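For reference, the chains in residue letters:
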Amino acid sequence: MPPLGSKARRERILHVATTTGLTSVEELSQRFGVTASTIRRDLARLTADGRLARTYGGAMALTAHPEASLRQRTGEAFEEKRAIARRAAAEVRAGETVLLDAGSTVGALAHELRSAKELTVATTGLTALQELSDAETVHVECLGGTLRPLSQGFVGPLTEAALERMTFDRVFLGTDGISPEHGICEADLRQTRLKELMARRADHVYVLAHAAKLGRRPFHAWAKLPDGWTLVTDDGADPSIVAELRGRGVEVVLAEVAASTDPEHTGTRGGPGAP
């Protein structure tokens, strides 16, 4: 592919910063095959035009990446989320006590667990509560607290205090993005703190995320998980990111996604921005 002109390259740089959040001179230099000094000139021009904000060693978009509401996310990447939920449910054993995060993919897992036998489920998410509210063979505990309307999940000191009263066989976490280097990404620091605490209370830690989230950095709040966690994603995941995660000790499970026959949910699999 021929090299981009300076104007086209700057537009691409702006797109990268807007869709992935923070970006560095080194990353941009490698991506576009130009020198670091060329990238710095591009960033200086975009900053002067009021389109980017410079950071130490890179740049970020002036407008924060918007956080989609749970209602918006529920129908996106539907088949991928359903496949991930089915694969994650296969990890759960009768008699266990599991912890479910908020979020649409974890909510899909709650749906899969409705028929489980002798299962105790604690959750911070309203979606999981709704799915399990009439499941006769599942004992449900709600870890209340401050409700975040966008994520439909509980956060804050009351949630954390309730969490300290229990331990779990498995915890299943959602996320807005995954970086092999930084961990899992969220829009809110309260969420990242809570996810770290949740991970510490469980014997086995799982993150449920469809392929479009791998390598995404939409926000600037991160949670570092303990070594040995498991990512359950779909078979459309970027092999290079999967390899890097595995190289860092993460177990990656790829759920096979069947082609949808439901016209309501046909469309591009896990398209950009699908949470």
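Just so you know, these numbers come straight off a predicted model, no measurement behind them.

**Q** Where do I start with the overall build of the protein chain in this structure?
**A** Looking only at helices and strands, the protein chain features 10 helices and 15 strands. Counting over 275 residues, the protein chain shows a buried share of 51%. Taking contacts inside the protein chain between residues at least 6 apart in sequence as the whole, the part at least 24 apart equals 62%.

**Q** Just checking my understanding: could you explain the sheet that holds strand 13 (residues 221-223) for this structure?
**A** Strands sit in the order 10-11-13 across an open sheet of 3 strands; the sheet is antiparallel. Strands at the two margins of the open sheet, each flanked by one partner only, are strand 10 (177-179) and strand 13. Adjacent strand axes in the sheet meet at a mean angle of 35° when their direction is disregarded. As judged from the 3 bridges shared by strand 11 (residues 183-186) and strand 13, these two strands associate in the antiparallel manner.

**Q** What is the right way to look at the packing of aromatic side chains in this model?
**A** Here the distance between the centres and the angle between the planes together describe a pair of aromatic rings. If you walk through the whole model with that rule in mind, you get 1 aromatic pair. Both rings, one in F172 and one in Y206, keep their centres 4.7 Å apart while their planes meet at 15°; by these two values the pair is stacked. Placement of the pair is F172 in strand 9 (residues 168-173) and Y206 in strand 12 (residues 202-208), with a sequence separation of 34 residues. For the residue pair F172 and Y206, the accessibility class agrees, reading buried in each case.

**Q** In this structure, what is going on with the pattern of salt bridges? I would like to understand it.
**A** When their charged atoms lie close together, side chains carrying opposite charge are able to pair. Across all of its chains, the model carries 13 salt bridges by this definition. The partner of D42 in a salt bridge is R9, and the shortest N-O contact between them spans 2.6 Å. You can see D42 sitting in helix 3 (residues 36-48) and its partner R9 sitting in helix 1 (residues 6-20), a full 33 residues away along the chain. Taking relative accessible area as the criterion, D42 reaches 3% and is therefore assigned buried. The closest approach of N and O atoms between E79 and R82, which form a salt bridge, is 3.0 Å. One end of the pair is E79 and the other is R82, both in helix 5 (residues 78-89) and 3 residues apart, which spans about a single turn. You can call E79 buried: its relative accessible area is 8%.

**Q** In this structure, what is going on with the packing of helix 2 (residues 25-32) against helix 3? I would like to understand it.
**A** The packing of two helices is summarised by the inter-axis angle and the distance between the axes. Axis separation between helix 2 and helix 3 bottoms out at 9 Å; the angle between their running directions is 110°. One way to sum up the angle between helix 2 and helix 3 is to call them roughly perpendicular. Where helix 2 crosses over helix 3, the two elements pack in a sense that is right-handed. Seen from helix 2, the contacting residues are V25, L28, S29 and F32; seen from helix 3, they are A36, I39, R40 and L43. Taken together, the residues of the contact of helix 2 with helix 3 sort by class into 6 nonpolar, 1 polar and 1 charged.

**Q** Would you explain the side chain of T230 in this entry?
**A** Along the chain, the position of T230 falls in strand 14 (residues 230-234). Dropping the residues within four chain positions of it, T230 is found in contact with V205, Y206, V207, E251 and V253.

**Q** Mind showing me how you'd approach the confidence of the model for the protein chain here?
**A** The predicted structure's coordinates, where accompanied by low pLDDT, should not be read in detail. Residues of the protein chain with pLDDT of at least 70 account for 81%, and the chain-wide mean is 84. Note that residues 260-275 has pLDDT below 50 and, in this model, 29 contacts with residues that lie over four places away or in other chains.

**Q** What's the story with unusual backbone geometry in this structure? I'm lost.
**A** Glycine aside, residues mostly have negative phi angles, and peptide bonds mostly take the trans form. Of note in the backbone geometry, E118 takes a positive phi value of approximately 55° without being a glycine. Looking at where E118 falls in the secondary structure, it is placed in the loop between helix 6 (104-112) and strand 5 (119-123). The residue Q152 is not glycine, and still its phi comes out positive at about 55°. Inspection of the secondary structure assignment puts Q152 in the loop between strand 7 (146-148) and strand 8 (153-155).

What counts and how
Residues numbered from 1 in each chain as written. Predicted model: local features only at pLDDT ≥ 70, side-chain atom pairs only at ≥ 80, totals over all residues. Heavy atoms only, no water. Helix = DSSP H or I, 4+ residues; strand = E, 2+ residues; numbered from the N terminus. Buried < 20%, exposed > 50% of the residue type's maximum accessible area, 1.4 Å probe, protein only. Contact = heavy atoms within 4.5 Å. Pairing = 2+ DSSP bridges. Axes fitted to C-alpha atoms, helices over the stretch in contact; angles between N-to-C directions. Phe/Tyr/Trp six-rings, centres within 6.5 Å; stacked < 30°, edge-to-face > 60°. Salt bridge = Lys/Arg side-chain N within 4 Å of Asp/Glu carboxyl O. Parallel < 35°, antiparallel > 145°, perpendicular 65-115°, else oblique. Left-handed = near helix turned anticlockwise from the far one by under 90°. Nonpolar A, V, L, I, M, F, W, Y, C, P; charged D, E, K, R; others polar. pLDDT = per-residue confidence, 0-100.

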